[in-house]
Amino acid sequence: MDQPLLSLLFLLLWSNCEGRESELNYVTCGSLVKLLNTRHNVRLHSHDVKYGSGSGQQSVTGVENADDANSYWQIRGKPNRPCQRGASIKCGQAIRITHMKTGRNLHTHHFSSPLSNNQEVSAFGENGEGDDLDVWTVQCDGVHWERDETVRFKHVGTDVFLSVTGEQYGHPIRGQREVHGMSSSNQHNWWRAMEGVFIQPSQELLRHDEL
């Protein structure tokens, strides 16, 4: 894990002890969040387990356990165009979603997903740096991504939506759900920011919910 993510993890633990509630209403650049698929009640998750087919890259799944530390993701700007730390993410803004524990970015490409035969979603890159297929836009109704609203993530390179339709894996990740890309916007691709720490413009970390 690179030093910025280690530092963010330290501040996350500090924030948990401090126990202060954020007064901010928006998801902000640099924040560390868990993302809940509201249709299937699973959180976006990754781990150092690679797909046995398709790209062979690090797998991305959905898990029911709200306490799993492998479900934290950092909201970041596009490659070579970082967003301002603590700035509210705008609806329609292009972002990267980086897995905290492994430093790989949420990614999709033209491989079939192993269970549903939709588009494979993986975690790709090293130390937060990957390629142009790591970029997603936030689709929401207002001006900024509000913490308590449901949003969609549309992939810039292939136009699919980050989705879950309920298929479950067996060994070695038994019970975890397949995460994939779908070409249509529907009930399977609504997500909400849940547990996490949020950065305000002063760069102070604040709690959103119990960690």
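Structural notes, computed from the coordinates. (Residues numbered from 1 in each chain as written. Predicted model: local features only at pLDDT ≥ 70, side-chain atom pairs only at ≥ 80, totals over all residues. Heavy atoms only, no water.)

1. Notes on the pattern of salt bridges
Right, on to step 1. On inspection of all chains with the given rule, the structure shows seven salt bridges.
Right, on to step 2. A salt bridge links Lys50 to Asp48; the shortest N-O distance between them is 3.6 Å.
Right, on to step 3. The partner of Asp48 in a salt bridge is Arg104, with the nearest N and O atoms 3.9 Å apart. Here Asp48 is found in strand E2 (residues 42-50), whereas its partner Arg104 is found in the loop between strand E5 (94-99) and strand E6 (105-112), with 56 residues between them in sequence.
Right, on to step 4. Residue classification places Arg104 among the buried positions, given a relative accessible area of 15%. (Salt bridge = Lys/Arg side-chain N within 4 Å of Asp/Glu carboxyl O. Helix = DSSP H or I, 4+ residues; strand = E, 2+ residues; numbered from the N terminus. Buried < 20%, exposed > 50% of the residue type's maximum accessible area, 1.4 Å probe, protein only.)

2. With respect to the packing of aromatic side chains
Right, on to step 1. Applying the stated criterion to the full structure yields one aromatic pair.
Right, on to step 2. Measuring from centroid to centroid gives 5.5 Å for Trp145 and Phe153, while their planes differ by 70 degrees, and the two rings are edge-to-face.
Right, on to step 3. Note on Trp145: relative accessible area 0%, which makes it buried.
Right, on to step 4. Given the relative accessible area of 0%, Phe153 is considered buried.
Right, on to step 5. Seen from the ring of Tyr72, Lys34 lies directly overhead, with NZ or CZ sitting 4.7 Å from the centre.
Right, on to step 6. One residue, Arg152, lies across the ring of Trp190, its end atom 3.7 Å from the ring centre. (Phe/Tyr/Trp six-rings, centres within 6.5 Å; stacked < 30°, edge-to-face > 60°. Lys NZ or Arg CZ within 6 Å of the ring centre and 35° of its normal.)

3. Remarks on the pairing of strand E12 (residues 191-199)
Both faces of the sheet carry side chains from a regular strand, because those side chains alternate between them.
Right, on to step 1. Along E12, eight of the nine residues are buried, which leaves the element largely enclosed by surrounding structure.
Right, on to step 2. Across five bridges, the pairing between strand E1 (residues 32-37) and E12 is antiparallel. Each bridged residue has a counterpart across the sheet, and for Leu35 the counterpart in E12 is Ala193. (Pairing = 2+ DSSP bridges.)

4. Quick word on unusual backbone geometry
Right, on to step 1. Each neighbour pair has its own omega, and for His171 with Pro172 the value is 10 degrees, a cis peptide bond.
Right, on to step 2. We note that Asn80 has phi near 65 degrees; this positive angle belongs to a residue other than glycine.
Right, on to step 3. Position of Asn80 among the secondary structure elements: in the loop between strand E4 (73-76) and E5.
Right, on to step 4. Here Asn80 falls in the exposed class, since its relative accessible area comes to 79%.
Right, on to step 5. One non-glycine residue with positive phi stands out, namely Asn117, at about 65 degrees.
Right, on to step 6. Mapped onto the fold, Asn117 is located in the loop between E6 and strand E7 (119-124).

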